[in-house]
Each structure stands twice: as structure tokens, then as C-alpha cells.
Amino acid sequence: MYQEKGGTFKALGREGIFLKMRGVKVMPARLRCGVFFFMWIIQSTAVVDVAGTHQGIPPQVVKLWASAFGGEMKSIAAKYSGSQLLQKKYKEFERSVRVEEIDGLKLVKRLAENMEEMFCKKAEAMKRLVEAAEEAHLQHEEDPNLQYEYFNAVLINEQDEDGNSVELGGEFILQPNDHFNNLSVNLSLSVVQVPTNMYNKDSAIVNGVYWSEALNKVFVDNFERDPSLIWQYFGSAKGFFRQYPGIKWTPDEHGVIAFDCRNRKWYIQAATSPKDVVILVDVSGSMKGLRLTIAKQTVSSILDTLGDDDFFNIIAYNEELRYVEPCLNGTLVQADVTNKDHFREHLDKLFAKGIGMLDRALTEAFELLSDFNQTGRGSVCSQAIMLVTDGAVDTYDAVFAKYNWPDRKVRIFPYLIGRESAFADNLKWMACANKGYFTQISTLADVQENVMEYLHVLSRPKVIDQEHDVVWTEAYIDSTLPQAQKLEDNQGPVLMTTVAMPVFSTKNETKNKGILLGVVGTDVPVSELLKTIPKYKLGIHGYAFAITNNGYILTHPDLRPLYEEGKKRRKPNYSSVDLSEVEWEDKDDELRNAMVNRKTGIFSMEVKKTVDKGKRVLVLHNDYYYTDIKGTPFSLGVALSRGHGKYFFRGSVTVEEGLHDLEHPDVALADEWTYCNTDEHPEHRYLSQIEAIKLYLSGEQPHLKCDKELIQEVLFDAVVTAPIEAYWTSLALNKSENSDKGVEIAYLGTRTGLSRINLFVVPDQLSNQDFLTAEDKEGVFNADHFPLWYKRAAEQVPGTFVYSLPFNTGSENKSVVLASTAIQLLDERKSPIAAAVGIQMKLEFFQRKFWTASRQCAALDGKCSISCDNDDINCYLIDNNGFILVAEDSSLTSVFFGEAEGAVMSKLLTMGSFKRVTLYDYQAICRIYAESSDSSSSLLDPYFAFFAAVKWLLTELVIFLVEFNLYSWWHSDFTAKAQRDGRTMLVPCDTEYPAFISERTIKETTGIIGCEDCNKSFVIQQIPSSNLFMVVVDNKCTCRDFGPITMDPIEIMYILL
């Protein structure tokens, strides 16, 4: 799905039909009142720039408070973190290290080669399965009376009322296996699943199961050769599914297993070539009632068989032609999930009337396919017309003679709806004369099985030519299989790709008929790709990503496939997130298009990377390096941030001293980084990374593969950081220090994923139990990112601390404050960041220090003219993103400052002390009120579109003038009825939202805001050596003219052209 970021088109497939208007909000409820209100604001509100300041808030006093607080906090943070000691230790090694600039192009090519090697191993395993399957079928003679007991995945270990094994069940040994997330599996045998709507002992199925038993030994052999393999399987064209290792399947609450392997993307992609399809649906009067229902289900099932490499459109016909999506007349769209769902919604609006004029419909379909093929934008391969009708009064050979004969490039697949067969002969003739296939569908139960028949026809050219193409799917979460559901229970849904290959009949008597036997496949978790990526080489903000030939993301740190609420719920369009939707600053899609076209090159741009649950933003300049992964449809990219992110350094210590310091009890290594590959051989799977490193360095395990360079650097970091353990211990033992236990934890992390932690209180007394644990996803080293505190410290001025409240620890997020600082290797701009250190302290301790500092004054008589205790002023402590850390009203802690003091925040934005950064989220989830079953139609109503556009213009005007957020005022009125009458639901949407950043060069600011009947003064002063600001605000003038400034996202609406 192409997504234009500058305001032209959002496309369904590759055809743009929606005008994108940034910030078009929901329709206002009272337009006239709103217009008068705008005029009143413009006339009555003034933001005044005044050089002086209010006499009641002396800037010199605020500066005194800020200096006192900043000095004490830096002293505490530096002391307990040990930052000065660690900086000194790295300095001692300065002469022995070698700083290198990272060659991004060389790096991405090497990573692509590593991934190619990994993918190749999976493909080789599939080739062995294909060879074994085709040989087994060649040797098998079909026996319609064959009786064969096999292990049915649902019936294994099931017993009847007498305690005997049921038919097709039997005893099947299952044992928990850690490689399969401790699921109970059988590593010696596979099981067979048959869809509920098929007969377990059907002759065709029994014969297929019998000859495919030969795959068992190949499954086992593949797993022994490559122990990183997970599920291997064979999906038969007859409908059964053989899976290794064997595992028990459990039906749903209705006793049904709806899984049919032939509907899976990996099967369809391997079985057929990319295709352009036009679906013709008869909506004449004879199609009323059940026939139209069956027809709609048939079309929906056809859509299920189309993948991202296919293109389609749907035309309904009677005496008139009607494109199901009126905006897509005369073109085809890409068959991604979003587009198929969009068309399904329109299918519900079809109704039957009139007379069917099939000749006109066929003519339109042929011309559409011809015109689209000439554009070069389609599959440029197979083309087909799917005809869904209850009959044809003619053979229409004149139409076929004009458009399709003699080459017959377009295949015709008629689906006769209903039990009558009066017109069946005409439809059969169309199919045979145009290299297609005729099917009759009498009931809803017949739909799925009959729709699948066309795939065998389209696969014939591949079978006849013996094209054993290796196909790879886009990233997806397969929760259909029972083992995938159990994986979710253990660790959340697993994102994976599948490699698959078709299996053909090689018997001489069937070779020319082109018979597809099925498809073999294996799943490759995306986490396997991440293991090949050396995160330490990419820098603090760097990352690797991969996309498919359609531009969809295979892996990217900003891909969010799940709903935030309910961790196991997948977003509807999670598998078709385009690169341009996460790298949205690339307005012209230069990076995306180059990677889709499998080029190798470099691209640069300024990016706005959000962190801390999207509440904060880092403005970086990234260099992108990209190349293709040979043998796959994927392209790989690497992003490196300029500055410290482009440099790497090498240290050197002896193995003996490195191992000595690495084995300290306070040392931990990044769980998701691969220092040694412990997954490849079963005997290594129980090793920790530190144990594996020790074993590797001993030379006793030649089969243990490790990253020699990373191990050398982690040994270096272990030696350099070792003295800090004794330093922290001495602080903890000194009872006079930290007597009030305000500082709870000291921690450090290095560029190699090594971390050390020291507790100054017992674990049960920690205010935030999740920090630096697996539950704190953003606070620890991850497969694709450094800890949040590390990333933020790296962008702070060297020698200063960044303070923050953690947002991601639930109800406890207001109880602690984190302070961290980066350790630079060299005193120059090109210096890489060697490490980061920090402390966790109680919020109450931190706030107490602030209030104590704010009571100081320089008066000789000790009588202070002003204090934060005064009722006439409000004192705040905010960070560089505008979030409140300290306020007299404790409920404002962690709240955005603009919500508490909208007038002051507006002034700070006007004066340039803070700047507003507009961000876009193309993977957002919006909560809507489902007022009616057809609520989506209002989005396409021209009146709604016009009103939404008017609201956008007016709201943007007000925001521009006074940063006043009227959206919530209008929206609440507009949706009041829906809130009363309808239920809420979460739906995917695109949103625009702001983030705020302080201007580093502005240290102090004073100002007066002119309100309707008073002037409101304020002083803002930077806290030295930090990212914090003290803000003192005149409380006597409420200045109700200004509403709050929020960070609430606003849904982007798309205007129908």
C-alpha cells in the first residue's frame, strides 16, 4: 500500500484514490458557534512580548534556586552512579584503543550475506523434502480400497468410553521440548490434520497420507542437520496437512478445526504464479436470495486465495456494469489485506435486480486486463476472469474471438451458483475454450472446496515446466495452528516468515497434465534474523530492517503488529505495513523504491524518532545503507545515526583478566544479543551466554560458534568497569551515606550489552520493581535497541545528567526518578559513547530536594521576598520534553506542562524556548463509537468530507494563533450521542500528534502574557548540568483565555475524490 506523506494520494494497491489532508479532524458539531468563537478569540486575546518581568518573580532568585537544586542533584547522581570514576577508567585506556569509522555499505553487505546463508539452509531443507515427496509419490500406486491407520492430529491419545484408543488415534508419545517453547511434541514422527469438513478416511486422503509417510525420516534428518529449524510441514492439494514435530491439535469450543492449509499464503504463493484477476459477479434478478449470498461468499473465498503479488478488481453486472469500489473504475489493485477487506465491505451492499448482460461484462473485463497489463504495474504473468453467475444464455464466442483467441492468455473460471444446471453447458464450454475450469456451487458448504480448484489449473504451467521456485512470505503471526496459540501463551505472538516450495507429480502418465501434489514449508521466526545482526556495530540509535519486494516490513524496530490493549490481538493490517509508514520522513519514497527495486546504495535524511511510548522525540540525522538478500525477495537496510553512531572502538585485554571480571555476580549480558550461538546444537541450549563465552575461549567446543570480535570487546568492557563494583559496595556499606535510602539502584551499561547493577536497598523495598527487568522492555538491552535511559543520555551534553519519570511501569511510574549520563571515550565530537551510568531514586526524595532548594534566598536578613510556599506563585520542575516532575499538586506529576499551564506553554512556544514537532503514526489504533452497523458510510459521505475539511482549516487557524486545542471541545459534542447509544471499538487509523523539545541554547526566559483582565508573568530557568527547567508562574492571574495544550493524537481523515 503506497502512502504519500506530502499530501497527494493514499492508495489502495498502486492506484491512488484518496486525498490525504494532514490534520483533517472529526466533523464539528456547531460550525456557526465555532466561527463566532474564533473571531472572539482573535479580537480579545493577545500574547504580549515584554522585555521586563513581573516584580513578584525576581529572576535572580529563581536562578539561585535552580543552581542550588542542580548542584545538589548532580553531586548525588555523580556520587552514587560512579560516573566520574568510570570516565576516569576509560580515559586510562584511551591510548590503547583504536577508534574506527563504520563503513555502512560494507556492513550491510556482510549482514545480507549472513542472512542469505541462513535463508539458504532453510531452502535446502525444503528441497530435500520436495525430492523425497516426489519420489515417494512416483513409487506409489493409487489404491481406492487402501486402508491405513495414521496418526490424526486431533485424535491421538484419545480414548473411547471403554478406555480404548479411538480410530486414527492410538498412543502417541509427547514430551516437552525447550526448543519448541516446552510444548509437548514428538521428534520422531509427524501428525496429520484433516479439515473438519473433509472425511478422515476418504480414499484420496488415505493414499496421500500413506505415500507422504516417507517425509518423516527427512523431517528428522533436516532437524538434525539444522537444529534451529522449527515446524516443518507438507500441505497436500487434497487438503490434509502433515506437520513435524508431531503435536496434538485441539478443536475450538464448537468441535471444529477450520484450518485448511490450501488457504494459507505460503501454499498459494508456492502453488501459483502472480496473477491479475477480474471477478465478475452476476447481480441480475435471478440471483436474489440464497444465490446472492452464496455468490458473495464465493467472491470472498476467491479473495482469500489472492496474495500480495496479485492484482484484482470486482465488477457487478446486470444490464449495467458497476465496479464494486466506484473509485477504482478501469484499474486493478494490489491484493493486500487492507484492500481485500475494503472490497468485502462493499460486497455487502450488492443487491439483485434486472437482467444480466454478460457480454458487456466480459468485454469490460478483457479490456481492463489488457489496459492494465500494458502499464507494466501488474503481475505481468497469469491473467484470469472469475465468473460468478447462475447461468449464461450464450457462449459469447464472438467476445472471446475478439479479445482472447487464438493465444488464450486470459483463463476463464466460471462458478455456477445454484442447483440448476440448465446453462451449465455454456459455462463449461467457456472454461474449456479458454484454458479454465468449470465449478458448480450449490450450497454455502461447497464454496471453499470448489473455489480452490482454480489454483490447480493456474499451477499447471509451473508443474509442466518443473519450476520448483522457492517462495518466501511476508512477516505474519500464525495463530491458526494450535502450537502457535500456545506459543502466544508463553511469550506473546511470534512474528515469522515461511519458506515454501511446490511438490509436483513426476509420473510419466500425468506429467503433461501438470498435477500439483502440494507444498512443503517451514517457519522462520523473525527473531532468527535479528540474531544475525550485531547490534553493537550499529550504535546506540542504529538499527537494521528488512522489507519484501512489495515494500512491506519483514522486520523493523518500529513495526507494531499488536494492539496495545490486549497483548495477543493482532492488528488487521499488521502484515502489510509499508516501509514508508515507519520511515515517513522520506517524502518521495526514495529509500523504499530503491530497496523494492533491489538496489544497493546510500540514502540520508533527518528523522524524528519517538521513544518512551511515543511521548518523547529524538531528532537525528540518519544515513541508510541498503542491498538485496540474494535468493530471497527481501532487501536489507541499516540505519546509522551521524555523530557518535558512526564510530566504533576496539580495546584489548588478556583473556584471563577479561574472564575474571566477566564472571562477577553483578555482571549481566544482553539476553537477546548473540555472543555465542547456543541454539545450533542441543548440548549448548542450556548454556548462559557467559558460560558459552567461557567454553568458547577454552577451545574445548569447536562446534560452538561465537562472535569473536564482540567477545573481545565485552571482555574489555568487563575489565574497565570492574572497579565500579567495589566503589558501589563501599557506598552501600557506609551507613552514614544514603541514610534516608533515597537512592535505590545504581546501574551501568556498555556498548557491548554488558550491564552491572547495584542495590542500595533490599529488593523488597524498591519503589519500582520492574526497572531493569524483562518486564521493562524499553529499559533493557533488546535485540533491536539500546535501553531508553542509555539512548537519552547519549543525546545529552557530555558530563550532564538526564532525569526522567518512567512512563512504562504502570501505576508505579510516579514513584521513582531516573538520572543517567553517558561516558564518552574521547573529548571530541567524533568520540563513540563507551557506556552510560545512572541511578534510580525515590520521587519523594527527589521532590524534597527541590522544595528545600526553592526556599533559599540571598537576603542578608534571611527574610526571603518570595518562596515556592507562597500562594501567589506556582513552582514546577519540568524536563526537556515538557513533562512535570515536581508540582505542588502531586496529581500533575508526569503530566505534560501544557495541560497544567496552557498559557505559559503557548508563550514558551512563541518565544522559541520550546518547539513543537509534528509526528505521524500510520500504525495507530483509534477508539470509535459504533453508532450503527453502517457507521463507515459516514466517512465516505460528501457532506461529512466537506464539513471535516472546514473544521480542519478553522482548527489549524486557532492552533496557529494561540496553540489552543478546540478539537476535544467539538469532538465531545459531536460524539455525545454515540457515547450514550453505541459501544466503543478499536480500529486501525492514522494519526497526527505533537511532541515538544526544549531549545538547548536558551538557559533562562521571562515573560508576561496579556490576558483579558490581567497580566500573567512567569520565569523559566534551566537547572545546571541537567535536562530540567524550573518554571515559576504567577498564580494570581488565571488567564482563562487559553485552553490547555495537549499531546492528544488527532485522527487523519481521508477525503474521497
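The residue count restarts for each chain, going from 1 along the sequence in the order it is written. In keeping with the predicted nature of the model, local features appear solely for residues at pLDDT of at least 70, side-chain atom pairs appear and are counted solely at 80 or more, and the whole-chain, interface and lining totals rest on all residues. Hydrogens and water molecules were not included; the side-chain quantities draw on all heavy atoms of the structure.

Peer 1: I'd love a proper account of the packing of helix H21 (residues 708-721) against helix H22 (residues 723-733), names of residues and values included.
Peer 2: Two quantities define a packed helix pair, namely the angle between the axes and the distance from one axis to the other. Viewed as axis vectors pointing N to C, H21 and H22 meet at an angle of 35°, and their least axial separation amounts to 5 Å. Along the contact surface, H21 presents Val719, Val720 and Thr721, while H22 presents Pro723, Ile724 and Glu725. Looking at the contact of H21 with H22 residue by residue, the classes come out as four nonpolar, one polar and one charged. Inter-axis angles, ranging from 0 to 180 degrees, are taken between N-to-C directions of lines fitted to C-alpha atoms, where helices are fitted over the stretch in contact. Going along the chain from the N terminus, every DSSP run of H or I of four or more residues is numbered as a helix, and every run of E of two or more is numbered as a strand. Should any heavy atoms of two residues lie within 4.5 Å, those residues are considered in contact. By the convention adopted, Pro, Cys, Tyr, Trp, Phe, Met, Ile, Leu, Val and Ala count as nonpolar, Lys, Arg, Asp and Glu as charged, and the other residues, Gly among them, as polar.

Peer 1: Break down the packing of aromatic side chains for me, with residues and values.
Peer 2: Pairing of aromatic side chains requires ring centres within 6.5 Å, counting the rings of Phe and Tyr and the six-membered ring of Trp. Pairs whose planes differ by under 30 degrees are stacked, by over 60 edge-to-face, and all others tilted. All chains considered together, the criterion is met by 53 aromatic pairs. With a centroid separation of 4.8 Å and 50° between ring planes, the pair formed by Tyr233 and Trp266 is classed as tilted. Of the two residues, Tyr233 sits in strand S7 (residues 232-236) while Trp266 sits in helix H7 (residues 265-271), which places them 33 residues apart along the sequence. A single burial state applies to Tyr233 and to Trp266, both of which are buried. With a centroid separation of 6.0 Å and an interplanar angle of 70°, the aromatic rings of Phe781 and Tyr790 are classed as edge-to-face. Considered together, Phe781 and Tyr790 belong to a single accessibility category, that of buried residues. Each member of the aromatic cluster is reached from another via a ring pair, and the members are Trp673, Tyr675, Tyr747, Phe771, Phe781, Phe786, Trp789 and Tyr790. Positioned over the ring face of Phe648 is Lys537, at 5.6 Å from the centre of the ring. Only Lys NZ and Arg CZ are tested; either one counts as a charge over a ring when it is within 6 Å of the ring centre and within 35 degrees of the ring normal. Here the guanidinium or amino end of Arg751 rests over the ring plane of Phe649, the centre of that ring lying 3.8 Å away. Each residue's exposure class comes from its accessible area (1.4 Å probe, protein chains only) as a fraction of the maximum for that residue type: buried when under 20%, exposed when over 50%, partly exposed otherwise.

Peer 1: Talk me through the sheet that holds strand S20 (residues 553-555); I want residue IDs and the actual numbers.
Peer 2: A pair of strands is treated as paired once DSSP finds two or more bridges between them. If you walk across this open sheet you meet the five strands as S20-S19-S23-S22-S21, and the pairing is antiparallel. If you trace the sheet from one side to the other, it starts and ends with S20 and strand S21 (601-611), each paired once. Taken pair by pair, the neighbouring strands of this sheet meet at an average axis angle of 35°, ignoring direction. Pairing analysis gives five bridges linking strand S19 (residues 543-547) to strand S23 (residues 635-641), with the strands arranged antiparallel. Its bridge partner lying in S23, Tyr543 is registered against Ala639.

Peer 1: An account of the pairing of strand S31 (residues 873-879) is needed here, citing residue identities and associated values.
Peer 2: Among the seven residues in S31, seven count as buried, and that is most of the element. Every second residue of S31 is oriented toward a common face, with Ile873, Cys875, Leu877 and Asp879 on one face and Asn874, Tyr876 and Ile878 on the other, all of them buried. Where S31 hands over to strand S32 (residues 884-887), the hairpin turn is made up of four residues, of which Gly882 adopts a positive phi near 90°.

Peer 1: Outline empty space enclosed by the protein, supporting the account with residue identities and numerical values.
Peer 2: Cavity and pocket criteria rest on a 1 Å grid covering protein atoms alone: a 1.4 Å probe that fits but cannot get out defines a cavity, protein on both sides within 12 Å along at least 5 of 7 lines defines an open pocket, and an atom within 4 Å of a point defines a lining residue. Grid points are joined across faces, edges and corners, and a volume is the space filled by probe spheres set on the points. Counted according to the given criterion, the structure contains six cavities of 30 Å³ or more. What the second largest cavity holds in volume is close to 130 Å³. Surrounding the second largest cavity, Tyr536, Gly539, Ile540, His644, Gly645, Tyr647, Phe648, Phe649, Arg751, Phe786, Pro832 and Ile833 form its lining. Of the residues forming the lining of the second largest cavity, the biggest block, three residues, is contributed by strand S24 (residues 647-650). Looking at the lining of the second largest cavity residue by residue, the classes come out as eight nonpolar, three polar and one charged.

Peer 1: Let's hear about the state of the cysteines: which residues, and what values?
Peer 2: To count as a disulfide, a pair of cysteine sulfur atoms needs to be within 2.5 Å. Evaluation of the coordinates by the stated rule reveals five disulfides. Across a sulfur-sulfur distance of 2.0 Å, Cys868 and Cys875 are joined as a disulfide pair. A torsion of -95° about the S-S bond marks the disulfide between Cys868 and Cys875 as left-handed. Looking at Cys868, the relative accessible area reads 2%, which means it is buried. Since its relative accessible area comes to 1%, Cys875 is described here as buried. In this model, Cys1014 is linked to Cys1037 through a disulfide, with the two sulfur atoms separated by 1.9 Å. Around the S-S axis, the bridge from Cys1014 to Cys1037 shows a dihedral of about 65° and counts as right-handed. Within this pair, whereas Cys1014 is found in the loop between strand S35 (1004-1010) and strand S36 (1015-1022), its partner Cys1037 is found in the loop between strand S37 (1028-1034) and strand S38 (1050-1051), the two being separated by 23 residues in sequence.

Read these as spatial facts, not as claims about activity.
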